[in-house]
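A look at the structure
One-letter residues, chain by chain:
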Amino acid sequence: MTNHARIIGVNMVKFEKPGNNEPYEVMAARAIEGALKDAGIELDDVEQAYASYIYGDSTCGQTALYQVGMTGMPIINVNNNCSSGSTALFLARQAVESDAADCVLAFGFEEMRPGAIGENWPDRTSPFQWIQQRFIELNPDLPDGPIALKVFAAAGLEYLKKYGAHPEIFGKVAVKSRKHADHNPFALFTKELQLEEVMNSPIIYPGLRRLMACPPTCGAAAVIVCSESFAKKHNLKQSVKIIAQSMATDQPDSYENNLNLVGYGMSRRAARKVYETAGLGPDEVDVIELHDCFTPNEVITYEALGLCDEGEAEKLIHDQDNTYGGKYVINPSGGLMSKGHPIGATGLAQCAELVWQLRGEAGNRQVEGAKIALQHNLGLGGAAVVTMYQKD
């Protein structure tokens, strides 16, 4: 890509526990207004919008954006499970780079219910039906449970068995993430954790403890994407370039094992495509926001993104190469584990964090000298979006 899309405005509202949140359209409007202010433009400058959410009726995106203004622009609603936010960004980038529009808004929001994610349409074929069936075939001795809980737990158990790693690696990741969150005013949970506290927290599924799982949350985030010519015309100097982005979905290898069943294969394919397109490898990345819905998934994703060789995640964690002072700073925001996971907003909140990092605006969690950032957002069923950003 030579006509790189620029990100000129980002914003998010602090995520909240279900029941403590404002209505989705209020949260989304606040995020959008903040992104417009950050960019220094007006809503009339935006030509298209992509609205990301999964819990809501059709055209919720219109209802949310109408709180800011009704300009008549195309508004497209996006639902791609937990990767919905990054899918909206993917579409916004494509619109800009194809010259379909010069300035595009991607925003996401979610009002979630307490507890594990469930299905809303039990009277029709579930998009998780094939995952559920393969899970049973791969894990005949594991109990039933919420789909996300059991498949990520099984992936963690398989990883430990395959590489002889210690279960404490999942606890250490939780401790690291919460320590990062202590410096993030947008994080829901900021109290530091001790390893013993994580490893002694209640078991929610075999191989998975409560403090290894992200909380259901409500919130919103917004990102404004534009062309280079638009940025120059409006004299916008704080832009960040998307230098590569790739989305991958499942291939037949997703049936092979528990790791691929939760997206290891598609995450790896998306990452490799990004490195190839950017002409940069993982060693040149400074800061990363990745999809840590459960700490086992963060560990698995280290290897899917090529941050270390297969089976080497335990060493990366032991050497503290996933935090400040190490090779990478991974989830400086505290990640989904600390910030929360309002599904439609998650990928766009990850983007916001990385833009702040590349601008040098991340406060006490700033990664010194950050120039290249990598984002990973994953949804079962499935889609993985990997994005590389560069300080402009």
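Summary of the structure given here. (Residues numbered from 1 in each chain as written. Predicted model: local features only at pLDDT ≥ 70, side-chain atom pairs only at ≥ 80, totals over all residues. Heavy atoms only, no water.)

**Re the overall build of the protein**
Quick reminder of the rule: To qualify as a helix, a DSSP run of H or I must reach at least 4 residues; to qualify as a strand, a run of E must reach at least 2; elements of each kind are numbered from the N terminus. It is over C-alpha atoms that the radius of gyration is taken, and the globule rule equals 2.2 Å times the number of residues to the power 0.38. We call a residue buried when its accessible area falls under 20% of the maximum for its residue type, exposed when it is over 50%, and partly exposed in between, using a 1.4 Å probe and counting protein chains only. Here a residue-residue contact requires only that any non-hydrogen atoms of the pair lie within 4.5 Å. For accessible areas, the Shrake-Rupley method is used with a probe of radius 1.4 Å. Any residue's cover is judged against the shown protein chains and nothing else.
Summing up its helical and strand segments, the protein has 14 helices and 12 strands in all. Here the protein has a C-alpha radius of gyration of 19 Å; the compact-globule value for 392 residues is 21 Å, and the two agree. With the C-alpha coordinates aligned to their principal axes, the bounding extent of the protein is approximately 60 × 50 × 40 Å. For the protein, buried positions account for 59% of its 392 residues. Taking the contacts inside the protein whose residues are at least 6 apart along the sequence as the reference set, 77% of them involve residues at least 24 apart. Of the roughly 15,500 Å² of accessible surface on the protein, 47% is carried by carbon and sulfur atoms.

**Let's talk about the state of the cysteines**
Under the convention used in this document: When the sulfur atoms of two cysteines come within 2.5 Å, that pair is taken as a disulfide.
Applying the stated rule across the entire model yields zero disulfides. Among the cysteines around Cys82, which has no disulfide bond, Cys293 carries the closest sulfur, lying 6.6 Å off. We note that Cys214 lacks a disulfide partner, and the nearest cysteine sulfur, in Cys293, lies 5.9 Å from it.

**Focus: the packing of aromatic side chains**
Quick reminder of the rule: For Phe, Tyr and Trp, where Trp contributes only its six-membered ring, two rings pair if their centres lie within 6.5 Å, and the inter-plane angle classes them as stacked under 30 degrees, edge-to-face over 60, or tilted in between. Working rule: Lys NZ or Arg CZ, within 6 Å of ring centre, within 35 degrees of ring normal, means a charge sits over the ring.
Throughout the structure, instances matching the rule amount to seven aromatic pairs. Aromatic pair Trp130 and Tyr255: ring centres 5.2 Å apart, planes at 50 degrees, arrangement tilted. With Trp130 in helix H4 (residues 129-138) and Tyr255 in the loop between strand E8 (240-248) and helix H9 (258-261), the pair connects residues that are 125 residues apart, well separated along the chain. In this structure Tyr255 comes out as partly exposed when scored by relative accessible area, which is 40%. Aromatic rings pair up to connect Tyr24, Tyr53, Phe107 and Phe109 into one cluster. Residue placement shows Arg93 over the ring face of Phe90; its charged tip is 4.9 Å from the ring centre.

**What about the pairing of strand E1 (residues 6-12)?**
Applicable threshold: Following DSSP output, two strands are said to pair if at least two bridges run between them.
Within E1, seven of the seven residues are buried, which leaves the element mostly enclosed by the surrounding structure. Summarising the sheet, E1 and E8 pair through two bridges and their orientation is antiparallel. Residue pairing for E8: Arg6 is matched across the bridge by Lys241.

**Observations concerning the side chain of Ser239**
Quick note on the threshold: We define a polar contact as two N or O atoms separated by no more than 3.5 Å, with the added condition that, inside protein, one atom must be a possible hydrogen donor and the other a possible acceptor, whereas residues neighbouring each other in sequence contribute only through side-chain atom pairs.
Here Ser239 shows up in the loop between helix H8 (228-233) and E8. Within polar-contact distance, the side chain of Ser239 engages the side chain of Asp392 at 2.7 Å. Discounting residues that sit within four places of it in the chain, Ser239 has contacts with Arg6, Ile7, Ile8 and Asp392.

**A few points about the pattern of salt bridges**
Quick reminder of the rule: Salt bridges are identified by distance alone: a Lys or Arg side-chain nitrogen within 4 Å of an Asp or Glu carboxyl oxygen.
For the structure on display, the rule yields 17 salt bridges. The salt bridge involving Asp319 is made with Lys315; its shortest N-O contact spans 2.7 Å.

**Quick notes on the packing of helix H5 (residues 147-163) against helix H11 (residues 295-304)**
In helix packing, the relevant descriptors are the interaxial angle and the interaxial distance, both defined with respect to the helix axes. Convention followed: Fitting a line to C-alpha atoms yields each axis, with helices limited to the stretch in contact; the angle taken between N-to-C directions then spans 0 to 180 degrees. In this scheme, roughly parallel covers angles under 35 degrees and roughly antiparallel covers those over 145, while 65 to 115 is roughly perpendicular and the rest are oblique. Definitions for this section: a left-handed crossing has its near helix turned counterclockwise from the far helix by less than a right angle. A right-handed crossing has that turn clockwise.
At a closest axis distance of 9 Å, the pairing of H5 and H11 adopts a crossing angle of 55 degrees. With respect to H11, the element H5 is oriented oblique. Considering only the axes of H5 and H11, their crossing is left-handed. Between H5 and H11, the residues in contact are Phe152, Ala155, Gly156, Tyr159 and Tyr163 and Pro296, Asn297, Val299, Ile300 and Glu303, respectively.

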